[in-house]
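Spelled out from the first residue to the last, the chains are:
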Amino acid sequence: MTYTEEFFARAKELIDAGRFIDNKGWVPATSGNFSACLSDGTIAVTVSGKHKGHLQLDDIMLVDAEGQALDGKKPSAETLLHTSIYRRFPEVRAVLHPHSVNATLASRIFGQEIVLEDYELLKAFSGIDTHETRMVIPVFANDQNIARLAGKVEQYLDMHGAIQAYVIAGHGFYTWGGSVAEALRHLEALEFLFECELRMQGVRKP
């Protein structure tokens, strides 16, 4: 198939994001997956099984709004979690999913939600302009049945409204934004905030 210039631009942004995230140690081995929604509703997403710190252009593929491959490549197993976010939040144009130590530990320690409150860095998130903010990050049990997991996220959103991110226990977290750059800003802020919470609990990075 013929890819558009928009696809190539978003693919480069995802590749660059992967290198940045990997440099921080947040996507070990072949973990994690990234995507960007194009103007026609199709989605550029990382293929399955590739190291996110060494992505090449051929490692970014195109799927439709239902997560079905449009170019014969194999998408990440968790693509349905990306497509459900785009359906829920039309303003979202990028989704990033790292597998970091901080998110994994936080999911073990804090149970069903991580509460972030009174941090100046909460202002890194779109729509927040004061530290006097309480952000709840839900934690969902890991599930190899991705459709079922996506359904649980949808149920939570139906009950609680919009969120900025969510964690999958023992696994990693999802966050998103109006561009790859904005999603990356949210990701970096969450990593800092998770680490603050962990240190307050007496957990130290090795």
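Chemist: Got a minute to help me understand the overall build of the protein in this structure?
Modeler: When helices and strands are tallied, the protein shows five helices and eight strands. Mapped in sequence order, the helices and strands of the protein form the string α-β-β-β-α-β-α-β-β-α-β-β-α. The dimensions of the protein, computed from C-alpha atoms along their principal axes, are 50 × 40 × 35 Å. Across the 206 residues in the protein, those meeting the buried criterion constitute 50%. A separation threshold of at least 6 residues defines the contact pool for the protein, and within that pool the share at least 24 residues apart is 61%. Surface summary for the protein: the accessible area is close to 9700 Å², and the carbon and sulfur share equals 51%. Across the protein, the mean location of the 20 positive side-chain charges is 5 Å away from that of the 27 negative side-chain charges.

Chemist: How do you make sense of the environment of H82 when you look at a structure like this?
Modeler: Within the secondary structure, H82 sits in helix 2 (residues 79-88). It is 19 Å that separates the C-alpha atoms of H82 and F125, two residues lying 43 residues apart in sequence. If we skip the residues at most four places from it in the chain, H82 touches N33, F34, S35, V95 and Y174.

Chemist: Honestly, the pattern of salt bridges in this entry has me stumped. Any pointers?
Modeler: Two side chains that carry opposite charge are able to pair once their charged atoms sit near each other. Counted according to the given criterion, the structure contains 13 salt bridges. Across the pair R10 and E13 runs a salt bridge whose closest N-O atoms are separated by 2.9 Å. Within this pair, R10 and its partner E13 are both found in helix 1 (residues 5-23), separated by three residues, close to a single helical turn. For R10, a relative accessible area of 23% translates into the label partly exposed. Classification of E13 as partly exposed rests on a relative accessible area of 30%. For E195, the salt bridge goes to R199, with nearest N and O atoms at 2.7 Å. Taken together, the positions of E195 and R199, both in helix 5 (residues 180-200) and four residues apart, correspond to about one turn of that helix. Overlapping salt bridges bring together R88, E154 and D158 as one network.

Chemist: Would you explain the environment of A17 in this entry?
Modeler: For A17, the position within the fold is in helix 1. A relative accessible area of 2% places A17 in the buried class. The residues touching A17, leaving out its near neighbours within four places in the chain, are V180 and L184.

Chemist: What am I meant to see in a nonpolar patch on the surface here?
Modeler: A cluster of nonpolar side chains, contributed by V101, L105 and I109, occupies part of the molecular surface with about 220 Å² of accessible area. Mapped onto the elements, V101 comes out in helix 3 (residues 101-109).

Chemist: How should I be thinking about unusual backbone geometry in this particular structure?
Modeler: In most cases, non-glycine residues show a negative phi, while peptide bonds are predominantly trans. Residues other than glycine seldom take positive phi values, yet A29 does so here, at roughly 55 degrees. Relative to the helices and strands, A29 is located in the loop between helix 1 and strand 1 (33-37). The class of A29 is exposed, set by a relative accessible area of 54%. One non-glycine residue, D118, lies in positive phi territory at about 65 degrees. You can see D118 is positioned in the loop between strand 5 (113-117) and strand 6 (134-140).

Chemist: Looking at this structure, I do not really get the sheet that holds strand 5. What am I missing?
Modeler: Strands belonging to one sheet form pairs held by backbone hydrogen bonds; the direction of such a pair is parallel or antiparallel. Strand order in this open sheet of eight strands is 3-2-1-4-8-7-6-5, and the pairing throughout is mixed. If you trace the sheet from one side to the other, it starts and ends with strand 3 (60-63) and strand 5, each paired once. When strand polarity is set aside, the average angle formed by the axes of neighbouring strands in this sheet is 20 degrees. Two strands pair when backbone bridges link them, and strand 1 and strand 4 (residues 94-97) are joined in this way by four bridges, in the antiparallel orientation. Each residue of the ladder has a partner; that of F34, found in strand 4, is L96. Across the sheet, helix 3 lies against strand 5, strand 6, strand 7 (165-168) and strand 8 (172-177), angled at about 75 degrees from strand 7, the strand it touches most. Each of strand 1, strand 4, strand 5, strand 6, strand 7 and strand 8 touches helix 5; the most contacted strand, strand 8, lies at about 140 degrees to it.

Thresholds applied
- Residues numbered from 1 in each chain as written.
- Predicted model: local features only at pLDDT ≥ 70, side-chain atom pairs only at ≥ 80, totals over all residues.
- Heavy atoms only, no water.
- Helix = DSSP H or I, 4+ residues; strand = E, 2+ residues; numbered from the N terminus.
- Buried < 20%, exposed > 50% of the residue type's maximum accessible area, 1.4 Å probe, protein only.
- Contact = heavy atoms within 4.5 Å.
- Areas by Shrake-Rupley, 256 points an atom, 1.4 Å probe, with all protein chains shown as cover.
- Lys, Arg positive; Asp, Glu negative; His and termini not counted.
- Charge placed at Lys NZ, Arg CZ, Asp CG, Glu CD.
- Salt bridge = Lys/Arg side-chain N within 4 Å of Asp/Glu carboxyl O.
- Patch = residues over 30% accessible without salt bridge, like charges linked within 9 Å, V, L, I, M, F, W, Y side chains within 5 Å.
- Pairing = 2+ DSSP bridges.
- Axes fitted to C-alpha atoms, helices over the stretch in contact; angles between N-to-C directions.

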